[in-house]
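Chain by chain, the residues run as shown.
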Amino acid sequence: TLLMGFVTFPVRAQETIYPKVMHTYTTTEDFSSDERSTARRGAYLLSGTSVIARYGTKSIAVSGCTNATQYVDKVRLTLYVERSTSYATGYGNYRTYTYSAEDVYQLVKEISNITVERGYYYRVRGIHSVTKDGVIETTDTLTDPIDYR
């Protein structure tokens, strides 16, 4: 209660909590990664990471990770390998890899030796989700492209 002279006014304080999101990109000529992490109180989803790397002259390796803040009912990871003839636009799906696990807090997958064709840029889009007691939380990641032209 706020007292001003002889008049009192009820004061209500409301705490607004904004999720802290950290988005980290790492890119070299042969490697690119994207990690998105949240530090939101009460959240089940902690972070998601997707990675693409040159794996020789005609192939790539991709990996992804979904992390929960605790053991959850289900963790999901979908990795889309996308390609385009342009660095910035026109990406279409090239390969899709989908995984899930139950009663875990982390899911990590790596796919090596994916054959690619010359003439394209390749990148990885990751969809990361966790389910706990019917609540589904999801985030996405997107690497920068690797040049195979």
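Conventions and cut-offs
- Residues numbered from 1 in each chain as written.
- Predicted model: local features only at pLDDT ≥ 70, side-chain atom pairs only at ≥ 80, totals over all residues.
- Heavy atoms only, no water.
- Patch = residues over 30% accessible without salt bridge, like charges linked within 9 Å, V, L, I, M, F, W, Y side chains within 5 Å.
- Areas by Shrake-Rupley, 256 points an atom, 1.4 Å probe, with all protein chains shown as cover.
- Salt bridge = Lys/Arg side-chain N within 4 Å of Asp/Glu carboxyl O.
- Lys, Arg positive; Asp, Glu negative; His and termini not counted.
- Charge placed at Lys NZ, Arg CZ, Asp CG, Glu CD.
- Helix = DSSP H or I, 4+ residues; strand = E, 2+ residues; numbered from the N terminus.
- Buried < 20%, exposed > 50% of the residue type's maximum accessible area, 1.4 Å probe, protein only.
- Contact = heavy atoms within 4.5 Å.
- Polar contact = N/O pair within 3.5 Å; in protein donor to acceptor, adjacent residues only side chain to side chain.

A. Layout of a negative patch on the surface. A cluster of like negative charges, contributed by D73, E102, D103 and D133, occupies part of the molecular surface. Summarising the element assignment, D103 is placed in strand 7 (residues 92-115). Its relative accessible area of 55% is what places D103 among the exposed residues.

B. Looking closely at the environment of S32. As for its placement among the helices and strands, S32 is situated in strand 4 (residues 31-38). The spacing of S32 and L142 is 110 residues in sequence and 9.3 Å in space, taken between C-alpha atoms. Excluding residues that lie within four positions of it along the chain, S32 makes contacts with T26, T27, S50, V51, I52, T143, D144 and I146. From its side chain, S32 meets the backbone nitrogen of D144 in a polar contact 2.9 Å long.

C. Here's a closer look at unusual backbone geometry. Even without being a glycine, N113 presents a positive backbone phi close to 60 degrees. The topology assignment puts N113 in strand 7. Of note, the phi angle at D133 is positive, near 50 degrees, even though the residue is not glycine. As for its placement among the helices and strands, D133 is situated in the loop between strand 8 (120-132) and strand 9 (135-142). Of the residues examined, D133 reaches a relative accessible area of 61% and is grouped as exposed.

D. Region of interest: the pattern of salt bridges. Under the criterion given, the structure shown has five salt bridges. A salt bridge links E82 to R123; the shortest N-O distance between them is 2.7 Å. Of the two residues, E82 is situated in strand 6 (residues 59-84) and R123 in strand 8; the sequence distance between them amounts to 41 residues. Owing to a relative accessible area of 9%, E82 belongs among the buried residues under this scheme. Take R123: its relative accessible area is 13%, and that puts it in the buried class. Each of E82, R123 and R125 takes part in salt bridges that share partners, so that together they form one network.

It is worth stressing that arrangement in space is one thing and function is another; only the former is reported here.
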